[in-house]
Every structure is written in structure tokens, then in C-alpha cells.
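Notes for the structure review
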Amino acid sequence: MLQSFRKILGLASKVDKEKASSVFRERYAIFKELLECNSNLATIIANMEAELRGDRTEEINQIRKDARQAVVECDRMVQCLNDLSKNRHTDLAKMAATIGGRIEKELEQQELGDVPDLTLSLDEVDASLSYAVGGKSANLGEMRNALDVPIPDGFAITIQASLLHLLRTSGLFKKIHLTLRSVDPEKPESIQKASAAVRALICEAPVPDEVSEALYKRWDDTFQNKDIVCALRSSAIAEDGVQSFAGQYSSILGVTRDTLLKDFKTIVASLFSERALTYRSNHGFRLEASGMGMCCLAMVKAKAAGVAYSRHPLNLRSNCMLINGVFGLGEMVVDGSGTPDMWLYSRLHHTIEERKIAHKKERIVLVTSNGKTEQKRVPLEPALENEPCLTDAQIDELADIVLSLERHYQYPQDVEWAIDENDRLLILQTRPLHIDTTLSDVDFPTIEPCKTPLFSGADPAARGVACGAIVTFDPEVGRADFPEGGIMLLKHSSPLAMVALRKAGAILAETGSMTGHMAILCREFNVPCLMNMPNICQELKEGDIVTVDAIGGRVFRGEIPELMALSIKKEKPTLDTPALLLLRRIAPFILPLHLVDPNSALFSAENCTSIHDVMRFAHEFSYSAMFQISDDLASGSGNEAAIKLVCPIPLDLYVIDLGGGLGPHEKTVRPEDIESLPMKRLLDGMLDPNVQARGPRPVNMRGFLSVMGQTMIGGNNQAGERFGDHSYAIISDRYLLFSSRVGYHYAVLDTWCGATLNKNYIRFEFAGGAASNEHRERRIRCIGIILTELGFTVEMAGTRLRARFQKYPRETTENRLVQMGRLLIMTRQLDMLMVNEASVQQFAQNFLEGKYHWEKNCFAIRNRVRNQRLNGFWPVTLCFFFSRRPAATPVSLCSTAWSSGWRASILPQARGDFCSRSWP
């Protein structure tokens, strides 16, 4: 009571105002922090995507730092969302903690030096352990454990084992180091001399007991049978990476338990073979920098073996993989000593496009004699000389595995395979395929002068070239029939386009962000994408044939053959560094985006499986949390911080400054005191002279009677309770939350407008009205038509409308805010004028054409119903001079006046007389 009395006397305490203002500033600061975290995460995700594509390189410590920073930013976003929403999303916090824990576990497991074991089962190995077991063993473990690819039984010998052999023998490592220092890479004889000396030192040194014991124990545990014959293959650091070191190190076949230690030393010594030292020198590796791991595999008694390339190594324009094979062991394919069978297999259609079956006279088999296993060439049975070494079914099975390896490693693969004596397909190794790109490194093609681009200067979000037919696409609606290779045309980039992204040949978006969700998805799926091309949706129509140059940022009509030569996607070679291997391990917990449709039942916290998912979820629901402020104002919370805005608009508007929104001012503020950019633009629309009422505002009689009838019978309660009489604007330099709840009308506009495109958005809600449901629904449809034409995404349900406009440049966002200001003024009492469907279309069209005056709109609609009669009277228009009625004047006063004899003041339209009364 005392507080109310003080308010009446204008004595509300300064403390109350400061406290209320502090509450709003705190919520705004939280929201601002959430947007900042979202922007930081988008940058981290974009950088990680670039690292995976090979567009940038980072040290392993930077990868760890970025990953942990992503977890921190994600946790901050979730905390901000819960602070804004009063802990309504605690389940999201649990999911974020789980994801963060998985990332941290990966980071902790990948610290160098955390593998003290001298041997490992292949079941314990994956690509992230390349630094510990070498490239070949890491790839074999990755294939078995990540892809369930069939490989021979075996185990990995870690680099730690070879290092102990070099370090535990007194003086050995020092002698090696001194010998290698004398090498002159430009003098082959010095390399030859040093290599022979170092290899002799290694082979003469005894194997330390702890190493020999570990090797024997793992052999026994793995094979159980000491008589088994194995292949001991080198697996050095960086081997089977892009610089493959193919053939530079030793691999020994026919290894038994008795020869294991001798063969172990031989392969360690091959680290310093003449050709290995030369190879490392030519590729910039330090001569003593690499460690040597090994892979011990049970030898396959192969019926057939060979090599498969996931891409054609010479013809870059071919969409086929190349498969070679021979009967017996595959050494003739590897060393080129025999002519293999050849197949070209279509990657697209999964069919054999071409086959060349060689005439084969011999094969290589394993022969054991006197306890020693060796390879031997033997004649091939005459019946098999002209037969293929693989059946078509085996070709299909092999091709599927090879393609899965390329998808997994995101790089063309060179795969060794074998068919064992039980007709089982086994993969022996995989490594990145070296492709000769000499012919593809050509200058950008010259295009004929007559072929000028339709658009130029667009932003390439994902590089590439494509040609196809335009397919217009609304992400909110989707298209189940999206054609393969179609050029997707979007008004605005959206992750909802994911439903058709895989089929699209390229994507054109009128506007969008390079670090936005859709740009990330396009880069992930190698779909060329151009963004920020004003009016392209007006210039192109469904079915137009265009060539998209997402390298030069251009779009041409028709096909441009000169550019199509660049449509082949060239893979960028990247070393399988420890940093990249670690990134591949943690990427599944950070980069994938699964939550793309906010309206889907799957868009929930429990379905978040990556940081990107959590980021998307928190960003979406942060807007709803900010909308909640308008409800607080409607309940009277925070009114003490409000300052009245004095300006000629039909609203009782109060302003709450969160900081930077107002300049110097008196007890009240005027438009010129406003410094908030979005509030300025909204007022520009509200104060536009073209939307200001000129004289009386007409009210269609049928609409007026609808309001009167609904009021007298309480029908407008269907729209909910009476909302209130004050409007509020919570502002900062770039933020605005406008809440107008006057009478039975409800409108909330929430916006951020600044220089950062990713942060910009407008959210709008509208509901209520005093007329019948039919009239109010027509008004909603009318507003929906207008906002859709302005580029908003609109949702309508009965007499309520929600719309959003986000991630557009500042200038575009400012323009829409001006239009929203006009719309907020023009929609008042619009429900009374929505007498039929023609009025819906007419008013929407007039608004979009800049015809804002009510009387023009009314007369246009009046002409459509001129010949209709209403209760025995010719249609008339009841007009009221619009003025601010006192807050205490209820709507029912008008209906009372109507029933009390004001009927006499309603005159035919032709006379043009007006009744001067207020209208809410």
C-alpha cells in the first residue's frame, strides 16, 4: 500500500529503480555472453573443419587447446541458457558434461609417452596411436576396431621396443648419432657408408631382456601355436601417411618364433637403410627423427592378392577405382614383375565398367623347407591362365571396403588385399594414395567474352564447380523429390537444408554466413556453395540451367565447359601428423550437427551428441528465454526502471536502458535521445509520416459489430485475458526487446542488430484482438503474408503468429526493423477491417506497395462489398478519430454507447460524417 501511494505521488525510491534496472542488465549481460560463446564456438568449429580439409595446419598442443576451449565455451553457453530460463534446461547441462568428459578422456589418452607397453594387441590399437606403434600398425588397428574390416591375426610392436634396443646397449645410440652427423645428403657415397655402419651396429647389439621377453610373450598369447609363420612388417612414424615411405623399410616374410629377435633387429636397422635415409632427406625429415614400430601378422596362404586404388591414380577425371590382382601372393603386383588382372569399378553406380584379364603363367606361393619358409614362383595351372583371379562378387565386396576406407580417412586410399585358402577377403594394409596432379595444376580457364556471369563477387562457403538445373528450396517445408545434382536455390542459408544437401550439386543462398551451420555442412559434404548474392532468387527460376563457380564466386547461365574441367574435387595432401590424428579422434564429439530442425521431436537435449548440437540447441532456446522478459513486464516486474518515451505514436511506451541505449535525457525521453540502433530503426517506421493517420480512421461496420458483439457476450475472452495498457522497450546499443500489450492485443519484438552477421536476428510474436475469431485469424494471415514477403520464417496457429528473421547483414536487418515499425502501427484495429478473404490479400498487397493509409484500403474493400446489405442498411463505415483514450476507459463503453442511442450518429458513407470517439 505504501509503495503504491509513493508511486501515485511520484516518490518511487531511487533504490527500486536501480534494483529493477540491475535485474534487466544482468539478464541482458547473460544473453550477450551466450551470443559471444556461440560466436567463439563457430570459429573453433570452422578452424577444426579447415584443419581436417588440409586448409590449415596446427600443432598438437593447439588442437588440445582448441578442444578444451570448445568444452569451456559450450559449458558457458549451457550455463547462460539456464540462468536465463531459471534452470529449465538442466538436462542439457548433463549432456554437455557427458560430451565434455568424452573429449577430455580422448585428450588424456593421447598424451605422448602414455604407452609404456612394448607390444600391443591389435584390438588395443587405432589411428590415434600412430606415434606409439607407427603408421602401418595404427591403420590396421583402426580398420579392425573402427570399421570392422577383416585383417589377419597379429600384434603391434611399439616404437618404445626399438628405442630400448638402441638406448640400452652401451654407447650404441651415441655412435649412431655421430655417424649420421657426417652424412652429406648431396653425396650418395656418404649416405651409403653411414647406412652400412649404422645397420651393422644395430644388428650386432643384443636385444635387451625386457624387449625379448615382451616379444615372446605376445607371440605366444596371440598365436598359441609356435610353428605358425608370420610376416614382420615395418611400421615407422609417418609411414603409410601421405609420404608413404613405401618400400623404404624392410618387411620380412616367413618369420617364426625362433627367428623373431634376429628379424626384429633387421627391421630396426632398416630405419637407417641407404634408401630410407635418402627418402627422409629428400622429404625434409631429420635423419635420426623417426622411430620404428612393427606389425607382426600371420601370413595368408593367398589364393589371390593384389592392390586396389580408391581413385584412378592418373586419370583425375575418372570416377572409377582401379583394382589389380594375381593368383597367389601379391608381390608380382607390388614389384611390377607380373601383369595383373585389371578392373575399373564405378564408384557411383557400383558396377564393373571395364575389365582386362591378363594371360598369367605363374604365381608366388609360400614353401617351407628345412624349417625355413620362403616365397617361390611356381607354374600356374593351365586352366587358370586366362581366368580372372577374382569373381564379380569378390570385386563388389572389395570395392565396398575400399570406399569405406576412403570415406573414413577422407583421402584416396592405396589398399593391399588377399583372398585366403577359405575364400575369405582380408585387407593387409591401407595408406593414402599418391595421385599425380601435374596435369590438373593449370591456370584458371579463359572464358569467352560473350559469357558474362549473371552474378559475381559472391562468397564461396565451400569451393568447387557444378552445373545443373535450379531447384528452389524452402528449408522450412523441404522437398522429398529433390533431384540428384540439382542446384539448390535458397533465400537464406539454413541447416534445415541438410535433408537434401547430399543430393545437391551446388547451393546458392541469397545471404548467409561463412561460419554458419550450413556453410560447415557444405564443407563437410564437399557441396560447392555460394552465399550473399542479393536478389538472386528473383533473377533465377525453377529449371534454369546454371554453372556455379564456387572458386571465383560467380554464377553463369547455361553450361560453361571451360569451368567444368575444374569440377573434379582434388584432395589436399596432409601428413597424418599426431595433431591431425588426434583431431580425427575428438572430431565426432565436436563437429557433427544432428539437430537441424527446431520443430522436430528429435530437437531435444537428450539427442545432443556433439558440442555443435549443444550449441545449436542453446542458441535456439536462448531467444525464448529473452522473450520471457516481456511476460515479467506485463506482470509489473521491473516497472520502476522504466522511463516514459514522449513521441507522437499511439502507444503508452516506456523505455528501460540496459546500457548504451540512451543518451543524456530528462525525466522523460524523446526519439532524439535514443542511441540504440534497433530502437532507432523501429521508431523510424512508427514515425513514418506515410503511416500516420490522416484524420479519422475508418472501421468497417461488419468488423465493428463483430467487436461489439464479442465484447457484450464476452467472446473476446477466447483471445485470452486483457493484456494491459503500457508498452515497453528494453534497449542497449545493439539490442531491443519491444513488448506491446495494449488492450486485447499482444506484440513482442526481440532483436539484435550489429556488425556481426551471425548474431543478427529479429523475432516477432503477435496475438489477440477484440473481434471474432474469424476476423482475428484473417488479420494473422494478412500479417503472415507481409512478413513472408519480407523474408521472415513464419509460423501461424489460429490467432497467434510467430516469425523470425536471422543471420542477415546489419543493413538488411535495419531495413526490416523499419518495416516492423510500420507494421506495428498499421496492424492496430486491423481485425475489424478483415471482413473477407479479399481484404486479407488487399491489405497485404497495399502494405508491401507502400500504400499505408487506412481510408484507401477501406474504400478498396468497400467496393468489393458495395452491393451487400447488412441488417437492412447499405454498408456504411463508422470512423473514429484516433486518440489516446484514458486507460480506465473500457472497450465495453463503446458497446454501451451503441446500445444507448449512438446509432443516430452513424451516417451513410456517402455523407462522409464522422463520430469522434476513442477506440482502443
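Everything in this summary refers to the structure shown in the same document.

Each value, and the rule that gives it
- Residues numbered from 1 in each chain as written.
- Predicted model: local features only at pLDDT ≥ 70, side-chain atom pairs only at ≥ 80, totals over all residues.
- Heavy atoms only, no water.
- Phe/Tyr/Trp six-rings, centres within 6.5 Å; stacked < 30°, edge-to-face > 60°.
- Helix = DSSP H or I, 4+ residues; strand = E, 2+ residues; numbered from the N terminus.
- Buried < 20%, exposed > 50% of the residue type's maximum accessible area, 1.4 Å probe, protein only.
- Pairing = 2+ DSSP bridges.
- Axes fitted to C-alpha atoms, helices over the stretch in contact; angles between N-to-C directions.
- Salt bridge = Lys/Arg side-chain N within 4 Å of Asp/Glu carboxyl O.

**Describing the packing of aromatic side chains**
Taken as a whole and assessed by the stated rule, the structure comprises twelve aromatic pairs. Ring geometry for Phe-603 and Phe-621: centres 6.3 Å apart, planes at 35 degrees, overall tilted. One end of the pair, Phe-603, is in the loop between α19 (578–586) and α20 (611–634); the other, Phe-621, is in helix α20, with 18 residues separating them in the sequence. Assessed through its relative accessible area of 7%, Phe-603 is described here as buried. By relative accessible area, Phe-621 is classed as partly exposed at 28%. Their ring planes at 10 degrees and their centres at 4.0 Å tell us that Phe-805 and Tyr-808 sit as a pair that is stacked. A relative accessible area of 2% means that Phe-805 is categorised as buried. Following the ring pairs from residue to residue traces out a cluster consisting of Phe-31, Tyr-735 and Tyr-761.

**Focus: the sheet that holds strand β19 (residues 545–549)**
An order of β14-β18-β17-β16-β15-β19-β20 is seen for the seven strands of this open sheet, with the pairing classed as mixed. The sheet is open, and its two borders are formed by β14 (459–462) and β20 (554–557), each paired with just one other strand. Neighbour-to-neighbour, the strand axes of this sheet turn through a mean angle of 30 degrees, independent of strand direction. Looking at chain direction, strand β16 (residues 487–490) and strand β17 (residues 506–509) are connected through four bridges and run parallel. Paired with Leu-490 across the bridge in β17 is Ala-509.

**Observations regarding unusual backbone geometry**
Backbone geometry places Lys-86, a non-glycine residue, at a positive phi of 60 degrees. With respect to the secondary-structure elements, Lys-86 resides in the loop between α3 (60–85) and α4 (90–109). In the Ramachandran plot, Asn-87 falls in the positive-phi region, its phi being about 60 degrees despite a non-glycine side chain. Residue classification places Asn-87 among the partly exposed positions, given a relative accessible area of 49%.

**Quick notes on the pattern of salt bridges**
The tally for this structure, following the rule as stated, stands at 43 salt bridges. A salt bridge links Asp-153 to Arg-144; the shortest N-O distance between them is 3.7 Å. A relative accessible area of 48% means that Asp-153 is categorised as partly exposed. For Lys-541, the salt bridge is made with Asp-544, and the minimal N-O distance between the two is 3.3 Å. On the basis of relative accessible area, Asp-544 is assigned to the buried category, the value being 12%.

Shape is all these values report; function is a separate question.
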